[in-house]
Amino acid sequence: MELLIVNDYAAMSYKAAQFLASQVILKPECVMGLATGSTPEGLYKELVKMYQMGLIDFEKVTAFNLDEYVGLEAEHPQGYKSYMYNHFFKHVNIDPTNRHIPDGNAAQLDAECEAYDYAIKRAGGIDIQVLGIGRNGHIGFNEPDLKFEAETHVVALDEKTIRDNARFFSAIEQVPRYAISMGVKTIMQARKIILLASGKEKAEAVYGMLYGDITPTCPASVLQLHPNVTVICDFQAATLLKK
Ligand code: PGA
């Protein structure tokens, strides 16, 4: 794993945007795996700036998001469809038919998960996957567990994740208890992975991911087995890595 420690959130976002921009320039029809949460907001801002400057063109890009809550109404402001639209999609020219987010309101959630993996395969697999990391070491919504879930699946959210995400909702009771998440195999099959971490509350998870045992109790630790991962973290997230 390549580790880049940068000064702050802004530097992390800019560095990450450089990786994605290079990918789009090298392969305009690339497939991006995208993440939500507070962490990648700055990355999307940088990509929008680069697009507006004419540096990159998303016309032929296909995007697959990592996850979505189960049971939030389609246009809910905290749903990831709204997040992606507001932070990224409405500002760039990714074809709406090439924007994919799991449908957390599908009548048959298992069929939705299977169809999602199939769509990723049909698109040729993910060229570059963006990841954040949860305080509990989750990637996507792959929560600490006794085993790794390979494919896209429905997951019961961890209490820690529910508490962490309560900041986006008016009350903790409003946070959905379930989500659809790409599985670990789906993520690991991406050709390149960029993981972003910012803030001291991520320091323990970052340490576990890089130097802990490979274990489903720290899902991000599986990335130690991927041949092409770049971790970009700010000084605060790297606190435990310093001598
Ligand atoms: P955050 O979430 O970016 O909102 O901290 C990261 C994650 O849970 O993957």
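Structure shown above.
Rules used in this analysis
- Residues numbered from 1 in each chain as written.
- Predicted model: local features only at pLDDT ≥ 70, side-chain atom pairs only at ≥ 80, totals over all residues.
- Heavy atoms only, no water.
- Salt bridge = Lys/Arg side-chain N within 4 Å of Asp/Glu carboxyl O.
- Helix = DSSP H or I, 4+ residues; strand = E, 2+ residues; numbered from the N terminus.
- Buried < 20%, exposed > 50% of the residue type's maximum accessible area, 1.4 Å probe, protein only.
- Axes fitted to C-alpha atoms, helices over the stretch in contact; angles between N-to-C directions.
- Parallel < 35°, antiparallel > 145°, perpendicular 65-115°, else oblique.
- Left-handed = near helix turned anticlockwise from the far one by under 90°.
- Contact = heavy atoms within 4.5 Å.
- Nonpolar A, V, L, I, M, F, W, Y, C, P; charged D, E, K, R; others polar.
- Patch = residues over 30% accessible without salt bridge, like charges linked within 9 Å, V, L, I, M, F, W, Y side chains within 5 Å.
- Areas by Shrake-Rupley, 256 points an atom, 1.4 Å probe, with all protein chains shown as cover.
- Near = heavy atom within 4 Å.
- Polar contact = N/O pair within 3.5 Å; in protein donor to acceptor, adjacent residues only side chain to side chain.
- 1 Å grid on protein atoms, 1.4 Å probe; cavity = no way out; pocket = protein on both sides within 12 Å on 5 of 7 lines; lining within 4 Å.
- Sits in = over half its atoms within 2 Å of the grid points.
- Pairing = 2+ DSSP bridges.

1. Remarks on the pattern of salt bridges
Inspection of the entire model under this criterion finds seven salt bridges. Of the charged contacts in the structure, one is a salt bridge between aspartate 127 and lysine 27, with a shortest N-O distance of 2.9 Å. Of this pair, aspartate 127 sits in the loop between helix 4 (109-122) and strand 6 (128-131) while lysine 27 sits in the loop between helix 1 (9-26) and strand 2 (31-34); the two residues are 100 residues apart in sequence, bridging distant segments of the chain. Given the relative accessible area of 29%, lysine 27 is considered partly exposed. Members of the salt-bridge network, linked through shared partners, are Lys27, Asp127 and Arg191.

2. What to know about the packing of helix 1 against helix 2 (residues 41-52)
Here helix 1 crosses helix 2 at 55°, and the two axes come no closer than 8 Å. The orientation of helix 1 relative to helix 2 falls into the category oblique. Two packed elements cross with a definite hand, and for helix 1 against helix 2 that hand is right-handed. Judged by residue contacts, Tyr9, Ser13, Tyr14, Ala16, Ala17, Gln18, Leu20 and Ala21 of helix 1 engage Glu41, Gly42, Leu43, Glu46, Leu47 and Met50 from helix 2. In the contact of helix 1 with helix 2, the residues fall into nine nonpolar, three polar and two charged.

3. Quick word on a nonpolar patch on the surface
A contiguous nonpolar patch, built from Tyr207, Tyr211 and Leu240 and spanning about 330 Å² of accessible area, is present on the exposed surface. One can find tyrosine 211 in helix 7 (residues 203-211).

4. As for the site of the ligand
Taken together, Gly37, Ser38, Thr39, Gly132, Ile133, Gly134, His138, Arg167 and Lys202 make up the full set of residues adjacent to the ligand. Backbone polar atom of isoleucine 133 to an oxygen atom of the ligand: 3.5 Å apart, as the coordinates give it. Here an oxygen atom of the ligand sits 2.7 Å away from a polar atom, N or O, in the side chain of lysine 202. Protein coverage of the free-state accessible area of the ligand, which is 280 Å², stands at 83%. Judged by the proximity of its atoms to the pocket grid, the ligand belongs to the largest pocket. Split by residue class, the shell around the ligand holds one nonpolar, six polar and two charged.

5. Details of the sheet that holds strand 8 (residues 178-181)
Think of a sheet as strands paired side by side through backbone hydrogen bonds, with each pair either parallel or antiparallel. Ordered in space as 4-8-7, the three strands form an open sheet in which the pairing is antiparallel. Every other strand in the sheet has two partners, leaving strand 4 (67-69) and strand 7 (153-156) as the edge strands with one partner each. Going from strand to strand, the sheet's axes swing by 25° on average, the running direction of each strand aside. Of the pairings in the sheet, the one linking strand 4 to strand 8 comprises three bridges and is antiparallel in character. The residue of strand 8 that forms the bridge with glutamate 68 is isoleucine 180.

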